[in-house]
Amino acid sequence: YETITKNPNKPIFGDVTNLAAGISNITTLHLSAESLEAFHFCCKSMPVFKNLLNLSIESNKKKGWQVMPLLLKSCPNLHTLVFMGLVHRVTDKCGDACACTPNNKHKKKKKKKKSKVISCLWTCQVKVLEIVEYGGSFQELKQMRHFLGKLECLETVRVGIDADNSMFLRANLLSLPIVSSNCNNIHFI
């Protein structure tokens, strides 16, 4: 861990497949941003976390969420999803768990026929979504719109906001559509 934080550009290698399999029966899991990347780069296969009810994720603007779609699909009974921050490194591998898209200014845009992709969030059973340290940036608001528009089983949304900008942040979040008919309010903490 120490070498990862001292030199964030150093390549990650190894195999955490057995570690992932060894913890697959736990009910609560907290993953740092570094752990997310280790799961992505160093896990040959993701086990099913059939007992996992609570998952918390630490975000870091220098670390990506590439493993999130696979991780969420591997947690069929997930009840509570907590993010400590939503800002993360934008990649083209975050899949449908994320609203970010990499900046492709230099690539020619090809017209593609839009096909409806089944989002890992639509099949996710999460009932409680909690965002700690929500800052209200454009990227964070876009991510919240994505979550609220795709998590169909949501019942409770809790968002931790800074008191200095609370009225503005509350207004922005309360204006977002929520796809779940069981969730009609956002609670600010």
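As the structure is a prediction and not an experimental result, all values here were calculated from the model.

Undergrad: It is not clear to me how the nonpolar core should be interpreted in this structure. Could you clarify?
TA: Looking at soluble globular proteins, one finds that nonpolar side chains tend to be buried together. If you look at the biggest cluster of nonpolar residues, it comprises 45 residues, and the most contacted ones within it are L55, L71, F83, Y134, M144 and V159. Filtering out sequence-adjacent residues up to four positions away, L71 remains in contact with L31, L36, M46, F49, L55 and I57.

Undergrad: Can you walk me through the state of the cysteines in this structure?
TA: A disulfide bridge is the covalent bond that connects two cysteines by way of their sulfur atoms. Tallied over the entire structure, the rule returns zero disulfides. The structure places no disulfide on C75, whose sulfur is separated from the nearest cysteine sulfur, that of C124, by 7.7 Å. The buried category is assigned to C75, whose relative accessible area is 1%. Free cysteine C153: the closest other cysteine sulfur is in C124, separated by 7.9 Å.

Undergrad: Just to check I follow, could you spell out the environment of L121 for this structure?
TA: Tracing the chain through its elements places L121 in the loop between β3 (80–84) and β4 (128–134). Separated by 28 residues in the primary sequence, L121 and G149 have C-alpha atoms spaced 9.2 Å apart.

Undergrad: Looking at this structure, how should I read the sheet that holds strand β6 (residues 186–188)?
TA: Hydrogen bonding along the main chain pairs the strands of a sheet, whether they run parallel or antiparallel. Strand order in this open sheet of six strands is β1-β2-β3-β4-β5-β6, and the pairing throughout is parallel. Looking at which strands have only one partner, the edges of the open sheet turn out to be β1 (28–31) and β6. Taking the axes of each pair of neighbouring strands and ignoring which way they run, one obtains an average angle of 15° across the sheet. Here five bridges tie β4 to strand β5 (residues 156–161), and the two strands are oriented parallel to one another. By the bridge assignment, I131 is partnered in β5 with V159.

Undergrad: For this particular structure, what's the right way to read the pairing of β5?
TA: Side-chain positions along a regular strand alternate between the two faces of the sheet. For the crossover from β4 across helix α5 (residues 138–150) to β5, the handedness is right-handed. Pairing analysis gives three bridges linking β5 to β6, with the strands arranged parallel. Paired with V157 across the bridge in β6 is I186. Read from β5 through helix α6 (residues 166–174) to β6, the crossover connection turns out right-handed.

Parameters at a glance
- Residues numbered from 1 in each chain as written.
- Predicted model: local features only at pLDDT ≥ 70, side-chain atom pairs only at ≥ 80, totals over all residues.
- Heavy atoms only, no water.
- Core = buried A, V, L, I, M, F, W, Y, C linked by side-chain atoms within 4.5 Å.
- Buried < 20%, exposed > 50% of the residue type's maximum accessible area, 1.4 Å probe, protein only.
- Contact = heavy atoms within 4.5 Å.
- Disulfide = S-S within 2.5 Å.
- Helix = DSSP H or I, 4+ residues; strand = E, 2+ residues; numbered from the N terminus.
- Pairing = 2+ DSSP bridges.
- Axes fitted to C-alpha atoms, helices over the stretch in contact; angles between N-to-C directions.
- Right-handed = clockwise from strand over helix to strand, strands pointing away.

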